[in-house]
Amino acid sequence: MAPSATEPTISPEDLPSDPTISALRQTLTSETAPLAKRFRALFSLKHLAAQKPATPQTIPAIDAIAAAFTSPSALLKHELAYCLGQSGKDEAIPYLRAVIEDRAEDAMCRHEAAEALGALGDAGSLKLLRQRRDDAEEEEVVRETCEIAIERIGWERSEAGKAERLKQSDFSSIDPAPPLAKTAEVLSIPQLERTLLDTSLPLFQRYRAMFALRDLASPPDLPSAILAVQALARGFADPSALFRHEVAFVFGQLSHPASIPSLVATLSDPKEASMVRHEAAEALGSLGEEDGVEDVLRGFLNDPEQVVRESIVVALDMAEFERSGLAEYATVSVA
């Protein structure tokens, strides 16, 4: 979102070189650094970029993240776009637009850039998003993401959206769609599941049901948690790869053991889209403390798909982090 009127605008030219940012940027942009180390540097920069109010490190952190878009790794670049969207800072917008406009870029990265513009609520990007949504030659995953981003920006800026009461979520992420609004009628898990799986409905509405089910599965000891996870898992049969990948992402947020069977099945399916398998791998990484999960992941270290192989490396590092008891998956303190 745009900075408030009272929040000072910080110009990069006015800032001295920050040694922490410089070191993290060097690691992130190094093609010789281990991928897991680069990811930890990225999430350190994400934390610094997302500070509210902005600090002298905010814009240099955004610039450092964007500097890695020259990498050949589609996995890393898609994560860069995600982190820029989560920063909440308009300074990230030009970088994200450039990724979407580059038709030579991997579709997974371009989809994530479109989703990030939606997360930032950038009305100035609506023309570009509509162009990509309506372009019959555009990749389906990009078209679908642009559709959701357009709906999210419209919802956020509408009077109806501003008036909605949303259930307090356990998750701090800026989601592609908000959960369904709190109403006098409390929607049951079967009702939410019907909306989730109804392919005649707009993706934005189905995503809202998805995130409502997510929130019914957290914390994991909620009576509704297992039923909500099971409902979400049925989304893996959806015809949209984008939709299936979002289910896997939600499972990564939840880290609920009940999601393991469906995640393993998704990762193990060689016919599944690589962007879905990669998300399933990283979700399993968040469950690294559970028996057998690391062994499953190690079985895909030599997968034919590069994005899956790289995701396994990151997932195993995440599993190590889960065992460590550290508070944040990053290389600098975020206390």
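Residues numbered from 1 in each chain as written. Predicted model: local features only at pLDDT ≥ 70, side-chain atom pairs only at ≥ 80, totals over all residues. Heavy atoms only, no water.

(A) A look at the environment of A114. Looking at where A114 falls in the secondary structure, it is placed in helix α6 (residues 107-119). A relative accessible area of 0% places A114 in the buried class. Counting along the chain gives 32 residues from A114 to Y82, while the straight-line C-alpha distance between them is 9.5 Å. (Helix = DSSP H or I, 4+ residues; strand = E, 2+ residues; numbered from the N terminus. Buried < 20%, exposed > 50% of the residue type's maximum accessible area, 1.4 Å probe, protein only.)

(B) Inspection of the pattern of salt bridges at higher detail. Applying the stated criterion across every chain yields a total of 18 salt bridges. Between E105 and K77 there is a salt bridge whose closest N-O contact spans 3.0 Å. Linking E105 in the loop between α5 (93-101) and α6 with K77 in helix α4 (residues 74-86), this pair joins segments that are 28 residues apart in sequence. On the accessibility criterion, E105 (13% relative accessible area) is buried. Overall, K77 belongs to the buried group, its relative accessible area being 9%. E193 serves as the salt-bridge partner of R234, at 3.1 Å between the closest nitrogen and oxygen. Taken together, the residues span a long stretch of sequence, with R234 in the loop between α12 (225-233) and α13 (241-254) and E193 in helix α10 (residues 189-197) at a distance of 41 residues. For R234, a relative accessible area of 44% gives the class partly exposed. Judged by its relative accessible area of 17%, E193 falls in the buried class. (Salt bridge = Lys/Arg side-chain N within 4 Å of Asp/Glu carboxyl O.)

(C) Expanded view of the UniProt feature "repeat: HEAT" (unreviewed entry) in the protein chain. Feature annotation in UniProt places "repeat: HEAT" (unreviewed entry) on residues 259-298, given in this structure's numbering. Spanning residues 259-298, this segment combines 68% helix with 0% strand, and its end C-alpha atoms are found 19 Å apart. (UniProt positions renumbered as here; feature names shortened; annotations may be inferred.)

(D) Molecular detail of the UniProt feature "binding site: Fe cation 1" (unreviewed entry) in the protein chain. In the numbering adopted here, UniProt assigns the feature "binding site: Fe cation 1" (unreviewed entry) to H78, E79, H111 and E112. A maximum C-alpha distance of 11.0 Å among these annotated residues, which run over 35 residues, shows that they cluster at one spot. Summarising the element assignment, E79 is placed in helix α4. Exposure remark for E79: the relative accessible area of 7% places this residue in the buried category. In contact with E79, other than residues within four places in its own chain, are F39, L42, F43 and E282. Among the secondary structure elements, E112 is positioned in helix α6. A relative accessible area of 4% places E112 in the buried class. Residues within four places of E112 in sequence aside, it is in contact with H78, A81, Y82 and H245. (Contact = heavy atoms within 4.5 Å.)

(E) Inspection of the packing of α5 against helix α7 (residues 126-133) at higher detail. Between α5 and α7, the least distance of the axes is 11 Å, while the angle of their chain directions is 20°. When the interaxial angle is binned, α5 and α7 end up roughly parallel. The chirality of how α5 crosses α7 is left-handed. Seen from α5, the contacting residues are R97, I100 and E101; seen from α7, they are L128, L129 and R132. (Axes fitted to C-alpha atoms, helices over the stretch in contact; angles between N-to-C directions. Parallel < 35°, antiparallel > 145°, perpendicular 65-115°, else oblique. Left-handed = near helix turned anticlockwise from the far one by under 90°.)

(F) Representation of the packing of helix α11 (residues 203-216) against α12 in the model. At a minimum axis distance of 8 Å, the contact between α11 and α12 shows a crossing angle of 150°. In terms of orientation, α11 and α12 fall into the roughly antiparallel class. Crossing of α11 over α12 shows left-handed handedness. Across the interface between the two elements, M210, L213, R214 and L216 from α11 touch A225, A228, A231 and L232 from α12. Considering only residue class, the contact of α11 with α12 consists of seven nonpolar, no polar and one charged. (Nonpolar A, V, L, I, M, F, W, Y, C, P; charged D, E, K, R; others polar.)

(G) Main features of the side chain of R277. Relative to the helices and strands, R277 resides in helix α15 (residues 274-285). A distance of 3.5 Å separates a polar side-chain atom of R277 from the backbone oxygen of D269. (Polar contact = N/O pair within 3.5 Å; in protein donor to acceptor, adjacent residues only side chain to side chain.)

(H) Quick peek at unusual backbone geometry. Cis geometry marks the peptide bond from K52 to P53; its omega dihedral reads -5°. Each neighbour pair has its own omega, and for S218 with P219 the value is 0°, a cis peptide bond. Notably, S255 is not glycine yet its phi reads approximately 50°, a positive angle. Secondary-structure assignment places S255 in the loop between α13 and α14 (260-268).

(I) Just the nonpolar core, in detail. With 98 residues, the main nonpolar core has L96, L129, Y207, F251, L263, L267 and L297 as its most contacted residues. The residues touching Y207, leaving out its near neighbours within four places in the chain, are I148, P176, A177, L242, F243 and E246. (Core = buried A, V, L, I, M, F, W, Y, C linked by side-chain atoms within 4.5 Å.)

(J) Seen up close, α6. Look at α6: 18 Å from first C-alpha to last across 13 residues, which is about the 18 Å you get at 1.5 Å a residue. Of all 13 residues in α6, 13 are buried; the element is thus mostly enclosed. Regarding α6, its N-cap is D106, as a side-chain oxygen of that residue lies 2.8 Å from the backbone nitrogen of M108 further along. (Expected span 1.5 Å × (residues − 1).)

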